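# A look at the structure
Residues per chain, in single letters:
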Amino acid sequence: LGVAEFLLSAISVGFWVQQMTPPHELPKHAGRFEVMSCAIFTLSYIVNFFRAELVPASIWHPSALVDVVTVVPVVMLTCSSEQQQEWPSLMYLRSYRLLQAWSLIQEHGGLSWVPEFALAVATM
C-alpha cells in the first residue's frame, strides 16, 4: 500500500503542478485517475485507522487530515449531479504523503537497491 500511495501521490502532485501552470488544463484521463487514486487513499486512511486500534485521536494525525482534505472534494465533485464547480485544489498536500511514503519505503528496505548517494540527493 505504501508503494501505491507513493506513486499515486507523486502523480497527483504532478497533475496539480500541471493544473496550476498555464493553460491550466489537465489531460482527459486525469479525472478518472483522481477518483481511482482517492479510492486508494481512502483505503489507506481506513487501514491506518485500524492500525491505530480505532483510537479517535488518530483522526487528527497530519496524514489523516491530508487524506480527508484531498479526498472529500474529489468525492463531492464526482457525486454532484451539477456542473463542475470550482473548488480550491489541495492536491499539493499530497506531497506530504509522498514524503511520508518515501520515508516508510526507505525505512523498510524497499530502496536497498538504490545507492546511498542517490537516496541522499533525493531526500535533500
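Residues numbered from 1 in each chain as written. Predicted model: local features only at pLDDT ≥ 70, side-chain atom pairs only at ≥ 80, totals over all residues. Heavy atoms only, no water.

What follows covers the packing of helix α2 (residues 30–51) against helix α3 (residues 62–79). Contact pair α2 / α3: the axes reach a minimum separation of 10 Å and the direction vectors enclose 140°. Comparing the axis directions of α2 and α3 gives the class oblique. Considering only the axes of α2 and α3, their crossing is left-handed. Residues E34, V35, C38, F41, T42 and Y45 of α2 form the contact with α3, whose own contacting residues are A64, D67, V68, T70, V71, V74 and T78. In terms of residue class, the contact of α2 with α3 is built from 8 nonpolar, 3 polar and 2 charged. (Axes fitted to C-alpha atoms, helices over the stretch in contact; angles between N-to-C directions. Helix = DSSP H or I, 4+ residues; strand = E, 2+ residues; numbered from the N terminus. Parallel < 35°, antiparallel > 145°, perpendicular 65-115°, else oblique. Left-handed = near helix turned anticlockwise from the far one by under 90°. Contact = heavy atoms within 4.5 Å. Nonpolar A, V, L, I, M, F, W, Y, C, P; charged D, E, K, R; others polar.)

This next bit is on the nonpolar core. The biggest cluster of nonpolar side chains holds 9 residues, and these are L8, F15, A30, F33, C38, F41, V71, V74 and M91. Sorting the residues of this core by element identifies α1 (2–20), α2 and α3 as the ones contributing at least two each. Take this core: its biggest share by element is 4 residues, from α2. Once you skip the residues sitting within four places of it in the chain, F15 turns out to touch L26, P27, H29, A30 and F33. The next biggest cluster of nonpolar side chains, apart from the first, holds 5 residues, and it includes L98, A101, W102 and I105. (Core = buried A, V, L, I, M, F, W, Y, C linked by side-chain atoms within 4.5 Å. Buried < 20%, exposed > 50% of the residue type's maximum accessible area, 1.4 Å probe, protein only.)

Glancing now at the environment of Y45. One can find Y45 in helix α2. As a C-alpha pair, Y45 and D67 span 22 residues in sequence and 6.8 Å in three-dimensional space. Ignoring any residue separated from it by four or fewer positions in sequence, one finds Y45 in contact with I59, A64, D67 and V68.

Given a rise of 1.5 Å per residue, 19 residues ought to cover 27 Å, and the 27 Å separating the end C-alpha atoms of α1 matches this to within 8%. Residues of α1 that are buried: E5, F6, L8, S9, S12, V13 and F15. (Expected span 1.5 Å × (residues − 1).)

Enumeration over the complete set of coordinates arrives at 3 aromatic pairs. Ring geometry for F6 versus W102: centroids 5.7 Å apart, planes at 35°, classification tilted. In this pair, F6 is assigned in helix α1 and W102 in helix α4 (residues 94–107), connecting sequence segments 96 residues apart. Residues W16 and Y92 carry aromatic rings whose centres are separated by 5.4 Å and whose planes lie at 50° to one another, so their mutual orientation is tilted. With a gap of 76 residues between them, W16 in helix α1 and Y92 in the loop between α3 and α4 connect regions that are remote in the sequence. One Lys or Arg, R94, reaches over the ring of F41 and ends 3.4 Å from the middle of that ring. (Phe/Tyr/Trp six-rings, centres within 6.5 Å; stacked < 30°, edge-to-face > 60°. Lys NZ or Arg CZ within 6 Å of the ring centre and 35° of its normal.)

The quantities given are spatial measurements derived from coordinates; they are silent on function.
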